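# Observations on chain architecture
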Amino acid sequence: MLASQLHWSYVFGVVSVYGINQGFGYSLGRVATDYYMKDVQKVQPSKSQALTTITRIPWIIKPLWGILTDVVPINGFHRRPYFILAGVFGVVSLLFISLHSNLHLYLALLWMTISSAAMAIADLTIDACTAYNSIKHPSLASDMQTLISSIGALLGFFMSGILVHLVGSKGVFGLLTFPFALVSVVGIVFSEPHVHGFSYKQKFTDAGKPMWRTMKCSDVWRPSLYMYISLALGFDIQEGLFYWFTDSNDGPLFAQETVGFILSIGPIGSILGVLLYNLVLKDHPFHSIFLWTQLLFALSGMFDLTLVLLLNLKFGLPDYLFIVVDERDSFSDDQTKRLKWMPLLVLNTKLCPHGIEGTFFALLLSIDNAGRAGPWHRPMKHWLEASNNIVNFRPHIFEKFL
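The sections below set out a description of the structure shown in this document. These figures come from a predicted structure and were not determined experimentally.

## Let's talk about the pattern of salt bridges
When the charged atoms of two side chains with opposite charge come close together, those side chains can pair. Applying the stated criterion across every chain yields a total of three salt bridges. Between Lys 62 and Asp 123 there is a salt bridge, and its shortest N-O distance comes to 2.7 Å. One end of the pair, Lys 62, is in helix α5 (residues 62-71); the other, Asp 123, is in helix α7 (residues 105-136), and 61 residues separate them in sequence. In this structure Asp 123 comes out as buried when scored by relative accessible area, which is 5%. It is possible to trace a salt-bridge network through shared partners that takes in Lys 62, Asp 123 and Asp 127.

What follows is the structure in structure tokens.
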């Protein structure tokens, strides 16, 4: 349906950026990063989570990339050059990490942040195209959101443990250069009109006014505030849990293949969440979907508390079994996240003002990324005295909650 009504290069871009680079590449890179920080750089979980938060900064400042793609064309094109540059930066940064034998931690962090920025720019550019096409073809909005599926993530997580076992975390970084190279190919073949006669000052003014006018609308700022609060108030201890379930002393010592399998369960729930929304819930009021998904999200968040308070052992569920249920990318957790996220994606694409699709869409999604960054997560983790031993971590949490 999409290919018959839209240019083939857009469909190719969606599959390449959303499915291969962001879906497959991000999930594969996430597991490789966890093992790289733990085994190569020897970083403790609280510090690892803080460093990972730094690599999320390019996603928080996505409006900057949006302004560049909307307002600053390169050689007369708004999208194509940014795809090409994103691919080049991604390839170069990951090659440095992969080929350098004794890379300093903060240099590695710099290259990881650059590769994260490259992925954010590619994602923002295709987001802008998606928002523009949703405005031109409202009946296809649901299909476009379905394309933002988790099939790539499912394959990436499933293969991540196997590849880390075979070639190591640094070898995986080398393999991740291919998805970024594909992003550059998207920029080469992508079809868009050439811009003639252009005033930067006028374009910045034209972009700012409608964006401010739209943001003042209650239909925009209320969901945006909800996005931020619902994520910012969550406390994430998943880095500590990863260190624990790969620990040889106190944890279950999951093999790399097992870790990949555990993480691949989540995208299945995400795919079913997308299908459930498009087949059943897409005509329901957004506020009712937000209410019930938030309640389910809060309930699933209690699994962490159940684990650290040893309640799972009272029910006869051993740690190594419960971690499959508790992991942040579990089936139920990802399905709930997707059901919660789909209405926001559809709403955002429909509200984007014409001509600044990239900037406005990025502004709304950067609020979500800022919430995920959770600036108070690291102080809380130090307050709870988290370590790579979850057994030692538990008494401190129980003490503080009492």
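## So, the environment of Met 37
Structurally, Met 37 can be placed in helix α2 (residues 8-40). Along the sequence, Met 37 and Leu 51 sit 14 residues apart, while their C-alpha atoms lie 9.5 Å from each other. Once residues lying within four places of it in the same chain are set aside, the contact partners of Met 37 are Lys 42, Val 43, Ser 48, Leu 51, Leu 105, Met 112 and Tyr 243.

## Side note on the environment of Trp 111
Within the secondary structure layout, Trp 111 lies in helix α7. Placed 18 residues apart in sequence, Trp 111 and Ser 93 show a C-alpha to C-alpha distance of 5.0 Å. What Trp 111 contacts, discounting residues up to four positions off in sequence, is Val 92, Ser 93, Phe 96, Ile 97 and Leu 103.

## A short note on the packing of helix α9 (residues 151-175) against helix α10 (residues 177-189)
Relative to each other, α9 and α10 sit at 15°, their axes nearing to 4 Å. Looking at the two axes, α9 sits roughly parallel to α10. Every residue of α10 that contacts α9 at Phe 173, Gly 174 and Leu 175 is listed here: Thr 177, Phe 178 and Pro 179. Its residues placed into classes, the contact of α9 with α10 shows four nonpolar, two polar and no charged.

## Here's the deal with the nonpolar core
In this structure, Ile 126 and Phe 173 are the most contacted members of the largest nonpolar core, which totals 58 residues. Only α2, α5, α6 (80-99), α7, α9, α10, α13 (238-245) and α14 (256-281) provide two or more residues apiece to this core. Examining the composition of this core, we find that 14 residues originate from one element, α7, more than from any other. The contact partners of Ile 126, leaving out residues within four places of it in the chain, are Tyr 10, Gly 13, Val 14, Val 17, Tyr 18 and Phe 83.

What counts, and where the lines are drawn
- Residues numbered from 1 in each chain as written.
- Predicted model: local features only at pLDDT ≥ 70, side-chain atom pairs only at ≥ 80, totals over all residues.
- Heavy atoms only, no water.
- Salt bridge = Lys/Arg side-chain N within 4 Å of Asp/Glu carboxyl O.
- Helix = DSSP H or I, 4+ residues; strand = E, 2+ residues; numbered from the N terminus.
- Buried < 20%, exposed > 50% of the residue type's maximum accessible area, 1.4 Å probe, protein only.
- Contact = heavy atoms within 4.5 Å.
- Axes fitted to C-alpha atoms, helices over the stretch in contact; angles between N-to-C directions.
- Parallel < 35°, antiparallel > 145°, perpendicular 65-115°, else oblique.
- Nonpolar A, V, L, I, M, F, W, Y, C, P; charged D, E, K, R; others polar.
- Core = buried A, V, L, I, M, F, W, Y, C linked by side-chain atoms within 4.5 Å.

Treat this as a map of the structure, not an account of what it does.
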